[in-house]
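Survey of secondary and tertiary structure
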Amino acid sequence: YQENVVKYLLEKKKKSATTTTTADNDNDVKIDCVLLGFGPDGHTCSLFPNHKLLSEKTRWVSSIDDSPKPPSSRITLTLPFLNRYCRQIIFCGASASKRPIVHAIFSNVEEVYNNKVEHDDALGAKVASVELSNPAPYPCGMVRPQGCDDDDSLIWLVDEDACR
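Bear in mind that the values here come from a model prediction, so they are computed numbers and not experimental data. (Residues numbered from 1 in each chain as written. Predicted model: local features only at pLDDT ≥ 70, side-chain atom pairs only at ≥ 80, totals over all residues. Heavy atoms only, no water.)

Per the secondary structure count, the protein includes six helices and seven strands. Counted from the first residue to the last, the protein has its helices and strands arranged as α-α-β-β-β-α-β-α-β-β-α-β-α. In the protein, which comprises 164 residues, the share counted as buried stands at 32%. The contacts in the protein between residues at least 6 apart in sequence include a share of 65% that link residues at least 24 apart. For the protein, the computed accessible surface area is about 10,300 Å², with 50% contributed by carbon and sulfur atoms. (Helix = DSSP H or I, 4+ residues; strand = E, 2+ residues; numbered from the N terminus. Buried < 20%, exposed > 50% of the residue type's maximum accessible area, 1.4 Å probe, protein only. Contact = heavy atoms within 4.5 Å. Areas by Shrake-Rupley, 256 points an atom, 1.4 Å probe, with all protein chains shown as cover.)

This next bit is on the confidence of the model for the protein. Averaged over the protein, the pLDDT score is 83; the fraction of residues at 70 or greater is 74%. Mean pLDDT values for the elements of the protein range from 54 in helix α2 (residues 23-28) up to 97 in helix α5 (residues 139-142). Within the model, the stretch residues 19-24 combines pLDDT values under 50 with five contacts to residues more than four positions away or in other chains. (pLDDT = per-residue confidence, 0-100.)

For the rest of this paragraph, the subject is the sheet that holds strand β1 (residues 31-37). Across a sheet, strands are paired by hydrogen bonds formed along the backbone, either parallel or antiparallel in direction. Taken together, the three strands give an open sheet; going across it, the order is β1-β4-β7, and neighbouring strands pair in parallel fashion. Edge positions in the sheet fall to β1 and β7 (154-158), since each has one partner strand and no second. When strand polarity is set aside, the average angle formed by the axes of neighbouring strands in this sheet is 15 degrees. The sheet contact formed by β1 and strand β4 (residues 86-93) spans six bridges and is parallel. Among the inter-strand pairings, isoleucine 31 is bridged to a residue of β4, identified as cysteine 86. (Pairing = 2+ DSSP bridges. Axes fitted to C-alpha atoms, helices over the stretch in contact; angles between N-to-C directions.)

On to the pattern of salt bridges. Applying the stated rule across the entire model yields three salt bridges. As a salt-bridge pair, arginine 87 and aspartate 32 come within 2.7 Å of each other at their nearest N and O atoms. Residue arginine 87 is located in strand β4, and its partner aspartate 32 is located in strand β1; the two are separated by 55 residues in the primary sequence. The exposure class of aspartate 32 is exposed, given its relative accessible area of 53%. Taking the shortest distance from any N to any O, the salt bridge between arginine 164 and aspartate 161 comes out at 3.1 Å. Of the residues examined, aspartate 161 reaches a relative accessible area of 30% and is grouped as partly exposed. (Salt bridge = Lys/Arg side-chain N within 4 Å of Asp/Glu carboxyl O.)

Once that is clear, we can look at the nonpolar core. Core analysis: the largest hydrophobic core is formed by 26 residues, its most contacted members being Phe38, Leu82, Ile89, Phe91, Cys140 and Trp156. Looking at this core, the elements with two or more residues in it are β1, α3 (79-84), β4, α4 (99-105) and β7. Among all residues touching phenylalanine 91, those that are not within four sequence positions of it are Leu36, Gly37, Phe38, Thr44, Cys140, Val143, Leu154, Ile155, Trp156 and Leu157. (Core = buried A, V, L, I, M, F, W, Y, C linked by side-chain atoms within 4.5 Å.)

Attention now moves to unusual backbone geometry. Residues proline 70 and proline 71 are joined by a peptide bond in cis, for which omega reads -5 degrees. Its place among the elements puts proline 71 in the loop between β2 (61-64) and β3 (74-77). Following asparagine 134, the chain continues to proline 135 via a peptide bond in cis, the omega torsion being 5 degrees. Note on placement: proline 135 falls in the loop between β6 (128-132) and α5. Unlike most non-glycine residues, cysteine 45 shows phi in positive territory, near 50 degrees. Looking at cysteine 45, the relative accessible area reads 24%, which means it is partly exposed. One non-glycine residue, asparagine 50, lies in the positive phi region at around 65 degrees. By the secondary structure assignment, asparagine 50 is in the loop between β1 and β2.

What follows is the structure, given as structure tokens:
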């Protein structure tokens with residue numbers, strides 16, 4: 001499935017390259033929603049802290065043969081792809097092992113008063129208004145969808161242990 005999505009996007013990009021490239025054409029090739037996790041070291045996809053792939057500027061997909069976590073050989077979407085060609089990105093994380101990452105990537109955390117989730121499956125869930133730390137201290141914090149006018153283009157869902 002992932003291979004087909006990337007092939008589709010590449011074909012769409014080739015077609016738009018033969019015509020005028022505009023923001024509208026870029027908007028036509030965006031993935032609607034990407035669901036990501038993040039590791040206790042702040043990695044996401046196979047983008048690890050201090051790895052040379054973080055400075056990749058042109059490729060959408062890249063291989064990595066020196067992953068610090070098994071398996072050592074992987075493929076990954078790159079930051080340019082995630083930031084430019086995804087309409088919405090949702091991060092999910094749980095447990096105290098994620099707490100240092102959550103605290104480092106967010107600044108100005110402010111709980112939104114009286115904005116608790118009122119669904120039976122999410123009793124006690126809270127909503128917070130945050131700013132992303134700049135510069136981002138970890139790869140997961142470097143994921144910031146661009147060109148989306150929607151405040152919901154980047155959503156983080158974390159449990160209480162991860163955000164205490």
